[in-house]
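# Report on the structure
For reference, the chains in residue letters:
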Amino acid sequence: MSAIRINKYLLSASLLLTVIAARHAAAEGSAERAKQFPQISVSPEENRNNREPVTLCGFFPSPPKVTVRSILRHYKVLGNHADVILYQMEIPWEDFPDSPEAESEKIQELRGQMMLADREGLEKIFVIDPLNGLNRREFKNLPPSWEASFADPRVRASYKNFALRILREFKPAYLGLASEINSYQDAYPEDFPNYLNLYHEVYASLKAESPDINLFVTFQWEDLNNLWNQPEEEGFAPGVTKWNQIELFEPDLDLWAISTYPYITFSSGEDIPADYYSRLLERTDKPLAVSEGGWISKDYGHLTATPQDQTAYLEAIHNQIGERLAFWIYLLARDISIESYRALTSERDLETLRFFTTVGLITEAGRPKPALKVWDSYRR
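Residues numbered from 1 in each chain as written. Predicted model: local features only at pLDDT ≥ 70, side-chain atom pairs only at ≥ 80, totals over all residues. Heavy atoms only, no water.

### A short note on the overall build of the chain
Along the backbone of the chain there are 13 helices and 11 strands. For the chain, buried positions account for 62% of its 380 residues. Considering only contacts in the chain between residues 6 or more positions apart, those separated by 24 or more positions represent 79%. Surface summary for the chain: the accessible area is close to 14,600 Å², and the carbon and sulfur share equals 50%. (Helix = DSSP H or I, 4+ residues; strand = E, 2+ residues; numbered from the N terminus. Buried < 20%, exposed > 50% of the residue type's maximum accessible area, 1.4 Å probe, protein only. Contact = heavy atoms within 4.5 Å. Areas by Shrake-Rupley, 256 points an atom, 1.4 Å probe, with all protein chains shown as cover.)

Take a look at the structure:
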């Protein structure tokens, strides 16, 4: 996995702010809040509530600033421009080694966010992520005494119990059981079989309780195509798709889901090859999904970008695989304030976040970018 990775957890509201915001929204009532925080660039005939989408389109719940006001305003924006929110969750390992029914602040946080999502009529997708969003080669917040391996019985038990809790508590239609798992497979081929058999075990348990749930893991598309050189990989061949990394999960994948940030690889959205995504259509007849992705709208470091690149990126996905997408998640609805997130992370991690601050389809100040109109037009 590239060192340029976003920590999605840092782009989630804190537990305290989320709960405060949810309670505030419930107390005020949605009509009054709508007056105080008006919708951004949407007309009644364009609103999501006026139609049933074929593809669920949405974002991560990441607000531009980590404040109660920003969170409340942001959920209004999501209500205008999304059908669904994807919640990607680290596992609270120490809460769930013994039972799916344990008390957990993570569950409380999610309940608060569900209140805000329900208020806007948004569907929810969940992805459980055992790994570090900044470094897929390591676990996220694993207790020091636990072995960083999917062979550790405590890791396996907490992973399974947390998945069962999410299923029972929130009853999602879609539940992901890992994010960008191919990056871990590249880094730790000796431990990956332990994850794979755990996935099949948990898949069977969840299906036994809820046969209609759609279960999946996500794969990092640029990495899967060898466009990000991994030092540990043998036989590295740029542009060659490692289909076997997906197919190892079959038949227990209900859809094929990818994350994609091609601006790390291509200098312009127009440079995305005409078959960059459509090769998926030839490889599987299952539904597809984009679990996260985006394109920046301003230059950063060695990366060059314009607002038009965002439009080209959206058009590439829509034109190549749009007809088969069960859901499509664009990372940020609005650009984020790096200063607002400074208190939540280290300076090193802030440098990584800066690669993603202008991925949003709306500026931090609330001005729509050209790609927003394109995005809304695809929500049919």
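### Digging into the environment of Tyr-159
Take Tyr-159: it is sitting in helix 5 (residues 153-170). The spatial distance from the C-alpha of Tyr-159 to the C-alpha of Val-202 is 8.7 Å, given a sequence separation of 43 residues.

### Quick notes on the packing of aromatic side chains
Counted by the stated rule, this structure contains 37 aromatic pairs. Measuring from centroid to centroid gives 6.4 Å for Trp-221 and Tyr-276, while their planes differ by 80°, and the two rings are edge-to-face. Taken as a pair, Trp-221 in helix 8 (residues 221-224) and Tyr-276 in the loop between strand 9 (256-260) and helix 10 (279-283) lie far apart in primary sequence, 55 residues in all. (Phe/Tyr/Trp six-rings, centres within 6.5 Å; stacked < 30°, edge-to-face > 60°.)

### Remarks on the pattern of salt bridges
Following the criterion strictly, the structure yields 19 salt bridges and no others. Glu-120 is paired through a salt bridge with Lys-76; the nearest N and O atoms lie 3.5 Å apart. Of this pair, Glu-120 sits in the loop between helix 4 (105-119) and strand 3 (123-129) while Lys-76 sits in helix 3 (residues 68-81), and the two are 44 residues apart along the sequence. In terms of burial, Glu-120 and Lys-76 fall into one category: buried. Where Arg-111 meets Glu-169, a salt bridge forms, and the shortest distance between an N and an O atom there is 2.7 Å. On the criterion of sequence distance, the pair formed by Arg-111 in helix 4 and Glu-169 in helix 5 is long-range, its members being 58 residues apart. Judged by its relative accessible area of 29%, Glu-169 is partly exposed. Three or more residues joined by partner-sharing salt bridges are found here, namely Lys-76, Arg-119 and Glu-120. (Salt bridge = Lys/Arg side-chain N within 4 Å of Asp/Glu carboxyl O.)

### Points about the packing of helix 5 against helix 7 (residues 192-209)
The contact between helix 5 and helix 7 brings their axes to 10 Å, and the two run at 30°. By the criterion of interaxial angle, the relationship of helix 5 to helix 7 is roughly parallel. The hand of the helix 5/helix 7 crossing is right-handed. Residues Arg-156, Tyr-159, Lys-160, Ala-163, Leu-164, Leu-167 and Arg-168 of helix 5 form the contact with helix 7, whose participating residues are Asn-194, Tyr-195, Asn-197, Leu-198, Tyr-199, Glu-201, Val-202, Ser-205, Leu-206 and Glu-209. For the contact of helix 5 with helix 7, the per-class residue count stands at 9 nonpolar, 3 polar and 5 charged. (Axes fitted to C-alpha atoms, helices over the stretch in contact; angles between N-to-C directions. Parallel < 35°, antiparallel > 145°, perpendicular 65-115°, else oblique. Left-handed = near helix turned anticlockwise from the far one by under 90°. Nonpolar A, V, L, I, M, F, W, Y, C, P; charged D, E, K, R; others polar.)

### Comments concerning the side chain of Lys-369
One can find Lys-369 in the loop between helix 12 (347-353) and helix 13 (370-378). Residue class for Lys-369 comes out buried when judged on its relative accessible area of 8%. A polar side-chain atom of Lys-369 sits 2.7 Å from a polar atom in the side chain of Ser-297. In contact with Lys-369, not counting residues within four places along its chain, are Ser-297, Gln-310, Asp-335, Thr-358, Gly-360, Leu-361, Ile-362 and Thr-363. (Polar contact = N/O pair within 3.5 Å; in protein donor to acceptor, adjacent residues only side chain to side chain.)

### A closer look at helix 13
Within helix 13 the residues assigned to the buried category are Ala-371, Leu-372, Val-374, Trp-375, Asp-376 and Tyr-378. Buried residues belonging to helix 13 abut strand 1 (56-59), helix 3, helix 11 (307-321) and strand 11 (325-330).

### Here we look at the pairing of strand 9
With 5 of 5 residues buried, strand 9 lies mostly within the body of the structure. Across 3 bridges, the pairing between strand 8 (residues 218-220) and strand 9 is parallel. Counterpart to Thr-218 in the pairing with strand 9 is Ala-257. (Pairing = 2+ DSSP bridges.)

### So, the sheet that holds strand 7 (residues 214-216)
One key point about sheets: their strands pair by backbone hydrogen bonds, in either a parallel or an antiparallel sense. Ordered by their spatial adjacency, 9 strands build an open sheet running 7-6-3-2-1-11-10-9-8, and the pairing between neighbours is parallel. At either end of the open sheet lies a strand with only one pairing partner, and these are strand 7 and strand 8. Within this sheet the neighbouring strands show an average axis-to-axis angle of 25°, counted without direction. Its contacts with the sheet place helix 5 against strand 2 (84-90), strand 3 and strand 6 (174-176), and it is angled at close to 170° to strand 3.

### Considering the environment of Gly-176
For Gly-176, the location among the structural elements is in strand 6. Sequence separation of Gly-176 and Leu-86 is 90 residues, and the distance between their C-alpha atoms is 9.9 Å. Excluding its chain neighbours within four sequence positions, the residues that come into contact with Gly-176 are Phe-126, Val-127, Ile-128 and Phe-216.

### Details of the packing of helix 11 against helix 13
Closest axis-to-axis distance for the helix 11/helix 13 pair is 8 Å, and the angle between their directions is 20°. Between helix 11 and helix 13, the angle is such that the two are roughly parallel. The crossing of helix 11 and helix 13 is left-handed. Facing Pro-307, Gln-308, Gln-310, Thr-311, Leu-314, Glu-315 and His-318 of helix 11, the residues of helix 13 in contact are Pro-370, Ala-371, Val-374, Trp-375 and Tyr-378. Its residues assigned to classes, the contact of helix 11 with helix 13 comprises 7 nonpolar, 4 polar and 1 charged.

Scope: geometric values only; no functional claims are made or implied.
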